[in-house]
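The lines below spell out each chain.
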Amino acid sequence: YIYSLQEHSSMVDVFELIKDAKGIRLEWRQGVKIIPQSDDASLYWADEVRLSCPVPNVDGTYPRYMFASTRGLATGTKGWVAVFLLDKTGLVVSQGRNADHELGDSLCLWQTPTSGGWANAIEPAPTLLGGSNAKHQYAVLTDSEVGQVRMLRLDVRNPSHPQTVSINEVATLDLG
């Protein structure tokens, strides 16, 4: 799959790469919003979409989560980090919520302390810290508005239920 972030709609589109007798083509499979359903996308610029490190699961080893971030267009508009559960093929797992639910298909949303400035980019750690049974995944988030890098921790409350997660800021580095 190819994950394409739409900067002005704050949506991630998931495309499947198809190779058949017609050649190679992309087919759209899913679209997910990375800001609260009630927010106006014109207030944001989407920033990054990244996959977590591969994690051993009962049905194989694969990236379990997709992280996506957006930044506010104005200083007073705080950005967002959204986390989505992936299945073993790479598709976003629907959370079965109705269209009025604030989160949509994201597992959790975390509002950033600032707009993020020109860069509110998210990057998951390339490996699990604490071994394959770790209940946490880590990611860094840049913040050019205030010149900081934040370390975020995705807490998985119960590894047998990977949809029970929360995001916590665990460290901040001032860049000067």
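See the structure printed just above.
Quick caveat, the model's predicted, so the values are computed rather than measured. (Residues numbered from 1 in each chain as written. Predicted model: local features only at pLDDT ≥ 70, side-chain atom pairs only at ≥ 80, totals over all residues. Heavy atoms only, no water.)

A. Molecular detail of the overall build of the chain. The number of helices and strands found in the chain is zero helices and 13 strands. For the chain, the α and β elements follow one another from N to C terminus as β-β-β-β-β-β-β-β-β-β-β-β-β. Within the chain, the fraction of its 176 residues that count as buried is 43%. Partitioning the intrachain contacts of the chain with sequence separation of at least 6 by distance along the chain shows that 51% fall at a separation of at least 24. Summed over all atoms, the accessible surface of the chain reaches about 8900 Å², with 54% contributed by carbon and sulfur. (Helix = DSSP H or I, 4+ residues; strand = E, 2+ residues; numbered from the N terminus. Buried < 20%, exposed > 50% of the residue type's maximum accessible area, 1.4 Å probe, protein only. Contact = heavy atoms within 4.5 Å. Areas by Shrake-Rupley, 256 points an atom, 1.4 Å probe, with all protein chains shown as cover.)

B. Geometry of the sheet that holds strand E8 (residues 80-85). Across the sheet, which stays open at both edges, the four strands sit in the order E4-E7-E8-E9 with antiparallel pairing between neighbours. This sheet does not close on itself; its edge strands, each paired only once, are strand E4 (44-51) and strand E9 (108-111). Ignoring which end each strand starts from, the neighbouring axes of this sheet average 20 degrees apart. By the bridge criterion, four bridges tie E8 to E9 in an arrangement that is antiparallel. Considered in E9, the bridge of Val81 is made with Trp110. (Pairing = 2+ DSSP bridges. Axes fitted to C-alpha atoms, helices over the stretch in contact; angles between N-to-C directions.)

C. Looking closely at the sheet that holds strand E10 (residues 122-124). With respect to topology, four strands assemble into an open sheet ordered E10-E11-E12-E13, the strand pairing being antiparallel. Of all strands in the sheet, those bounded by a partner on one side alone are E10 and strand E13 (165-174). When strand polarity is set aside, the average angle formed by the axes of neighbouring strands in this sheet is 25 degrees. With nine bridges joining them, strand E12 (residues 148-156) and E13 adopt antiparallel strand pairing. When the sheet's bridge partners are listed, Val156 is paired in E13 with Val165.

D. Structural context of the side chain of Asp47. Inspection of the secondary structure assignment puts Asp47 in strand E4. Of note is the side chain of Asp47, whose polar atom sits 2.8 Å from the side chain of Arg71. If we ignore the near neighbours within four places in the chain, the residues touching Asp47 are Leu5, Ser69, Thr70, Arg71, Trp118, Ala119, Asn120 and Ala121. (Polar contact = N/O pair within 3.5 Å; in protein donor to acceptor, adjacent residues only side chain to side chain.)

E. Here's a closer look at the side chain of Gln148. Relative to the helices and strands, Gln148 resides in strand E12. Among the polar contacts made by the side chain of Gln148, one reaches the side chain of Arg150 at a distance of 3.0 Å. Once residues within four sequence positions are removed from consideration, Gln148 is found in contact with Leu141, Thr142, Asp143, Thr172, Leu173, Asp174 and Leu175.

F. Summary view of unusual backbone geometry. Even without being a glycine, Ser10 presents a positive backbone phi close to 55 degrees. Considering the arrangement of structural elements, one finds Ser10 in the loop between strand E1 (2-6) and strand E2 (11-20). Accessibility expressed as a relative area gives 0% for Ser10, which makes it buried.

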